[in-house]
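Here is how the chains run, residue by residue.
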Amino acid sequence: MVYDIIIIGSGPGGYVTAIRAAQLGFKTAIIEREHLGGICLNWGCIPTKALLRSAEIKHFCENAKDYGLTLSGKVAVDNSAVIARSRAVSARLNAGVGYLMKKNKIDVIWGEARLQGQKNGQTQIEVHKPLKPAYQPQHPVPKTVLGEGVYEARHVILATGARPRALPGIEPDGKFIWTYFEAMVPPKLPKSLIIMGSGAIGVEFASFYRDMGAEVTIIELMPQILPVEDSEISAFARKQLERRGIRIMTSAKVIKVEKGADSVTAHVESSGKVETITADRLIAAVGVQGNIENLGLEALGVKTGRGCIITDEWSRTNIAGIYAIGDVAGAPMLAHKAEEEGVICVEKLADLPDIHPLDKSKIPGCTYCRPQIASVGLTEKKAQEAGYDIRIGRYSFAANGKAVALGEDQGLVKVIFDNKTGRLLGAHMVGAEVTELIQGFVVAMNLETTEEELMHTVFPHPTLSEMMKESVLDAYGRVLNA
Amino acid sequence: MSIKITMPALSPTMETGNLAKWLVKEGDSVRSGDVIAEIETDKATMEVEAADEGVVAKLVVPAGSDNVKVNSLIAVLAEEGEDAAQVAKNALAENGSAAVPAPQQQQAGTGSALPVPAGQNSAAAGEQNPVSAAKTAGIFASPLARRLAAQAGLNLTAITGSGPRGRIIQRDVEAAKRAGGAAAAAGAAAGSAPAPAADESAILAVFRPEDYKIVPHQPIRKVIARRLVESKQHIPHFYVTADCNLDALLKLRSDLNMAAPVIKKEEGSAPAYRLSVNDMIIKAVAVALKRVPDANVSWLDSGMIRHKHSDIGVAVAIPDGLITPIIRQAEEKSLSAISAEMKDLIKRAKQMKLKPEEYQGGTSSVSNMGMFGVKDFAAIINPPQATIFAIGAGEKRATVKDGAVVSADIMSVTLSADHRAVDGALAAELVQCFKNIIENPLALLI
Ligand SMILES: Cc1cc2nc3c(=O)[nH]c(=O)nc-3n(C[C@H](O)[C@H](O)[C@H](O)COP(=O)(O)OP(=O)(O)OC[C@H]3O[C@@H](n4cnc5c(N)ncnc54)[C@H](O)[C@@H]3O)c2cc1C
């Protein structure tokens, strides 16, 4: 049978694209070698949020007295139960993807895919046994799947995702040097931990393990943690993390790692000096790289660059009939970007009217450490570099009624406007629940509101969201409660 | 009571201006008449003076802000005994909540004497967003798109939306801007929209992309373009040419310049004046219009404006364009006064420092291309005027005098006239009169 569309990889990019393709009437199949839902549902977004929730509840319990509650005894961590919960959450969503495939009549083909060739306007895909074993524990394989063999499609969408990047000399070994895979299912909680890299993944694990009682050191090469975030927000977050006892070294480089009997020692170079830090384990969180190997890209001549597949604004590769979306197609490597890219790709294939390429300047990014961080659009520095005459508004959690009532009065909302047009260029937040707030600004940006509409929008009281409005008012010298 | 300083309207049709520079800081004391800021419009830079005395409590609009709406609050002064900080705070709070009250139309009647359609007055009077509010209600466009279009002077009705359900969004306005604003300029839309330019993509299609680049227009270019299209499309132009013998005028000029008293200045001594041929031509046009008053008119649909004086605009090339500063009542001014005034106007025109009342209005104009060796040319009338004199180079030409061919300095002049206001015979009379004065220049001395 010839499919209209075959998608390789069932991460958030792949499975959402498959659903949209089926909705549009395409005969669609999806090929997965390991787990429905990809990294996101199995080893990324979702299980980490489950772990972080355990950490947060622990933190609440430990601070119950601040809210007039007495808990007798100490809050003890049952490591295997915390992990079991995280895996259960993941399993539930993983099964959910299986259900969605069935419901949308999408064939699931189980195995590893490799592009074989193209003839008669179709691409042939060979599906074989995975070359490498799956990460354990693995969720059960869906009941009704198609097996190994050759499949054909008019359009092939590559959504093979990414995997941890390894630095030469500091290659993860799964025992002492962890990646997010091991960090998500630790056999026992380390007492001390070095985290190399302070992107979202590194900082989330730092936050989790610190709450679980570990001594944590973050080592970041760039001058600030969370290098893509606005530097003011980053500095604020750093102070909060340091207050929680996390040690943070920036402009610092791990030059060597030595393994001991049950420990690792990192040699860290910063401002010309080398310091050694010893801890139980080290997490390498220095970014991810696209899964472009063993895919048959070379056979077809699909162009790659910097570890990713090169695509145009419609996710087309240089070879007709071959598309790439999600992490494997490049930054920003975020689940929601993968989804949207895929949806646009198939809508374009369906030739729907009024389809536009993804506007990457309006993709929000969230980090779920304590305090949370969320942002969309340009940072102050980027806005200046782009030549905008900017107008900045800020609002502090300390002045917001709901934040004070929650006992979460440490945080900041910052907005950046183009002074000339009133266009919202960027919004940056740090503090409790900001990951749930940011979409307000994202909607505003996508509807192209100016400051005027935001100022005239009624925000419910008392909510954290009121800070968003106040920050806009502040940008125009009209802040009310400050 | 604190004193509010608002964005002044430099002309009746001005909607926004750029606050170029503050010349005072918060905390400075100012007295009435002190220059506190510089404002730029598309044609001029203007100084803003304080009308009262006080202490600058707050500069509400930062220097370098573009498109500040007329009558919006730009600064607040605290009066004696007031707490500047408190005044600043109150003013900001008020500025935020209450909309700036709709101002009276100031200086009605100065500047352009063209009939102003009713809609334009309100647009000029500092509404929040003149274009979007007045003319685009009911158009499906994002707020940002509306604002960008208003700022670029683009008419939203001429833009096709590419957003969901055809909504006009930022990228559509930007595409229209890049296309050079095929849409009618917002200002022109008020009454006299020029026909939209031909489809620009069709124009670009005939050139190879690597063979050109597109330079965005300066605001002044757009104003010039709009006004000239308006003029050529609405005014039925016709042209009358005559040759003038310059011999007597050149002789008179040299005599007068030789006779100029020498005055002592700090930099040394210099003649009190040095007349140019152009100064004499300005006066000649002024005197001619005085002698042929029927031609010193402006057309209105409702009637003819008959001007009492000859206010003569003189085309001056400035960076990126041209401007026509005006010598008022030139028929009554001495040549040396005209000469001195012209020097000052040219200098300030080149610095973009003319006030609108110095270049708006006028009853006729002179455009002199003699210095470029041009023999003759026809100029486009500068509304609301009805005539313009295009002056060619004075050059030695063979001419017939007393039956013999002789060489003389001859200058061609071409009058462009608005046929609605000036008929052919009248135009001929005006040119004849001008020629007479040039050839018998003692008339310039009375
Ligand atoms: C610890 C962690 C936390 C994260 N947290 C967040 C977060 O909070 N928010 C967020 O937006 N993003 C987060 N991310 C990033 C997010 O997980 C990715 O951006 C997202 O999963 C990318 O989706 P994708 O569909 O492109 O690829 P993936 O999710 O990586 O899915 C690719 C799938 O393709 C399969 N595959 C690969 N090659 C083949 C082949 N040859 N044949 C068959 N199948 C193949 C893989 O098995 C995999 O299932 C996190 C990532 C990590 C690691």
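Note: the structure precedes this text.
Residues numbered from 1 in each chain as written. Chains lettered and ligands numbered in written order. Predicted model: local features only at pLDDT ≥ 70, side-chain atom pairs only at ≥ 80, totals over all residues. Heavy atoms only, no water.

> I keep staring at the overall build of chain A and nothing clicks. Help me out?
In terms of regular secondary structure, chain A is built from 14 helices and 24 strands. Counting across all 482 residues of chain A, residues that qualify as buried make up 54%. The long-range share in chain A, meaning contacts at least 24 apart out of those at least 6 apart in sequence, stands at 64%. Accessible surface, chain A: about 21,400 Å² in total, of which carbon and sulfur atoms supply 53%. (Helix = DSSP H or I, 4+ residues; strand = E, 2+ residues; numbered from the N terminus. Buried < 20%, exposed > 50% of the residue type's maximum accessible area, 1.4 Å probe, protein only. Contact = heavy atoms within 4.5 Å. Areas by Shrake-Rupley, 256 points an atom, 1.4 Å probe, with all protein chains shown as cover.)

> Explain the environment of Ser10 of chain A here, please?
With respect to the helices, strands and loops of the structure, Ser10 of chain A is situated in the loop between β1 (2–8) and α1 (12–23). A polar contact is formed between the side chain of Ser10 of chain A and the backbone oxygen of His35 of chain A, at a distance of 3.2 Å. (Polar contact = N/O pair within 3.5 Å; in protein donor to acceptor, adjacent residues only side chain to side chain.)

> Help me out: how do you make sense of a negative patch on the surface in this one?
Residues and elements named next belong to chain B. Judged by side-chain charge, Asp52, Glu53, Glu79 and Glu80 come together as a negatively charged surface patch. Relative to the assigned elements, Asp52 resides in the loop between β5 (45–49) and β6 (54–59). When its relative accessible area of 37% is taken as the criterion, Asp52 is described as partly exposed. (Patch = residues over 30% accessible without salt bridge, like charges linked within 9 Å, V, L, I, M, F, W, Y side chains within 5 Å. Salt bridge = Lys/Arg side-chain N within 4 Å of Asp/Glu carboxyl O. Lys, Arg positive; Asp, Glu negative; His and termini not counted. Charge placed at Lys NZ, Arg CZ, Asp CG, Glu CD.)

> Help me out: how do you make sense of the site of the ligand in this one?
Residues and elements named next belong to chain A. Taken together, 39 residues are adjacent to the ligand, and Gly13, Glu32, Lys49, Asp327 and Ala335 come closest. At 2.9 Å, a backbone N or O of Gly13 approaches an oxygen atom of the ligand. Contacts to the ligand include Leu334, whose backbone N or O atom sits 3.3 Å from an oxygen atom. Against a free-state accessible area of 990 Å², the protein chains account for coverage of 95% of the ligand. Of all the secondary-structure elements, those providing two or more residues to the shell around the ligand are α1, β2 (28–32), α2 (38–43), α3 (45–62), β4 (112–119), α5 (180–184) and α9 (335–349). Among the elements that take part in the shell around the ligand, α2 stands out by supplying four residues, more than any other. (Near = heavy atom within 4 Å.)

> I keep staring at the pairing of strand β9 (residues 192–196) of chain A and nothing clicks. Help me out?
The side chains of a regular strand alternate between the sheet's two faces. All names here are of chain A. The buried fraction of β9 amounts to five of the five residues, a majority that puts the element mostly inside the structure. Alternating residues of β9 divide into Ser192, Ile194 and Met196 and Leu193 and Ile195, and every residue in both groups is buried. As defined by bridge partners, β9 adjoins strand β10 (residues 215–219) across five bridges and the pair is classed as parallel. Bridge assignment links Ser192 to a residue of β10, and that residue is Glu215. (Pairing = 2+ DSSP bridges.)

> Help me understand the pairing of strand β13 (residues 303–306) of chain B, please; the structure alone is not making it clear to me.
Residue and element names in this part refer to chain B. The sheet contact formed by strand β12 (residues 297–300) and β13 spans four bridges and is antiparallel. Among the inter-strand pairings, Ser298 is bridged to a residue of β13, identified as Ile305. Between the end of β12 and the start of β13, which pair antiparallel, lie two residues.

> Help me out: how do you make sense of the sheet that holds strand β22 (residues 390–396) of chain A in this one?
Sheet strands line up and pair through hydrogen bonds in the backbone, either parallel or antiparallel. All names here are of chain A. If you trace the five strands from one edge of the open sheet to the other, you get β20-β21-β24-β23-β22, paired in antiparallel fashion. Across the chains shown, the open sheet's two edge strands, defined by having one partner strand only, are β20 (365–367) and β22. In this sheet, neighbouring strand axes are inclined to one another by 10° on average, regardless of whether the strands run parallel or antiparallel. Two elements, β20 and strand β21 (residues 373–377), share three bridges in a ladder whose sense is antiparallel. (Axes fitted to C-alpha atoms, helices over the stretch in contact; angles between N-to-C directions.)

> In this structure, what is going on with empty space enclosed by the protein? I would like to understand it.
A probe as big as a water molecule, rolled over the atoms, marks out the empty space that is left. Per the stated rule, a full pass over the model turns up two cavities of 30 Å³ or more. Taken as a whole, the second largest cavity encloses approximately 50 Å³ of empty space. A per-class count over the lining of the second largest cavity returns three nonpolar, two polar and three charged. (1 Å grid on protein atoms, 1.4 Å probe; cavity = no way out; pocket = protein on both sides within 12 Å on 5 of 7 lines; lining within 4 Å. Points joined across faces, edges and corners; volume = space filled by probe spheres on them. Nonpolar A, V, L, I, M, F, W, Y, C, P; charged D, E, K, R; others polar.)

> Would you explain the interface of chain B and chain A in this entry?
Bring the parts together and some accessible area is lost; that lost area is often taken as the interface size. Taken together, the contact between chain B and chain A spans 22 residues of the former and 18 residues of the latter. With both sides pooled, the region where chain B packs onto chain A buries about 1,600 Å², and carbon together with sulfur makes up 44% of that total. Taken as a group, Pro143, Leu144 and Arg147 of chain B account for 33% of the area that chain B buries against chain A, more than any other trio of residues on that side. At the junction of chain B and chain A, the tally comes to two salt bridges. Residue Arg147 of chain B is joined to Glu452 of chain A by a salt bridge in which the shortest nitrogen-to-oxygen separation is 2.6 Å. If you look at where chain B meets chain A, you find 11 residue pairs in polar contact (both at pLDDT 80 or more). Contributing elements (two or more residues each) for the side of chain B that touches chain A: β7 (65–69), α1 (84–97), α4 (143–152) and α5 (170–178) of chain B. No other element matches α4 of chain B, which puts six residues into the side of chain B that touches chain A. Residues that form the side of chain B that touches chain A fall into these classes: seven nonpolar, 10 polar and five charged. (Buried area = accessible area lost by both parts, 1.4 Å probe.)

> Help me out: how do you make sense of the packing of aromatic side chains in this one?
How two aromatic rings sit relative to each other is given by the distance of their centres and the angle of their planes. Residues and elements named next belong to chain A. With the rule as written, the count across this model stands at 10 aromatic pairs over all chains. Measuring from ring centre to ring centre gives 6.4 Å for Trp178 and Tyr209, while their planes differ by 45°; the resulting arrangement is tilted. Remark: Tyr209 occurs in helix α6 (residues 200–211) and Trp178 occurs in strand β8 (residues 177–178); sequence separation between them is 31 residues. On the basis of relative accessible area, Trp178 is assigned to the buried category, the value being 3%. Taking the relative accessible area as the measure of exposure, Tyr209 reaches 0% and is therefore buried. A network of ring pairs unites the aromatic residues Trp43, Tyr135, Tyr180 and Phe181 as a single cluster. Over the ring of Trp43 we find Arg87, and its NZ or CZ is 4.1 Å from the ring centre. Here Lys348 stacks its cationic end above the ring of Trp314, 4.2 Å away from the centre of that ring. (Phe/Tyr/Trp six-rings, centres within 6.5 Å; stacked < 30°, edge-to-face > 60°. Lys NZ or Arg CZ within 6 Å of the ring centre and 35° of its normal.)

> Quick question: what am I supposed to make of the pattern of salt bridges here?
Two side chains that carry opposite charge are able to pair once their charged atoms sit near each other. In total, this model carries 42 salt bridges over all chains according to the counting rule given. The closest approach of N and O atoms between Asp173 of chain A and Lys259 of chain A, which form a salt bridge, is 3.0 Å. Of this pair, Asp173 of chain A sits in the loop between β7 (162–164) and β8 while Lys259 of chain A is found in strand β12 (residues 252–259), placing the two residues 86 residues apart along the sequence. Classification of Asp173 of chain A by relative accessible area gives partly exposed; the value is 31%. We classify Lys259 of chain A as partly exposed; its relative accessible area is 48%. Between Arg397 of chain B and Glu395 of chain B there is a salt bridge, and its shortest N-O distance comes to 2.8 Å. Connected through shared salt-bridge partners, Asp230, Glu232, Glu380, Arg394 and Lys414 of chain A make up one network.

> Looking at this structure, I do not really get the side chain of Asp418 of chain A. What am I missing?
Residue and element names in this part refer to chain A. Assignment of secondary structure puts Asp418 in strand β23 (residues 412–418). Of the buried charged residues, Asp418 lacks a salt bridge, with Arg423 as the closest side chain of opposite charge at 5.7 Å. Here Asp418 is in contact with Tyr388, Asp389, Arg423, Leu425 and Tyr476, once residues within four sequence places are set aside.

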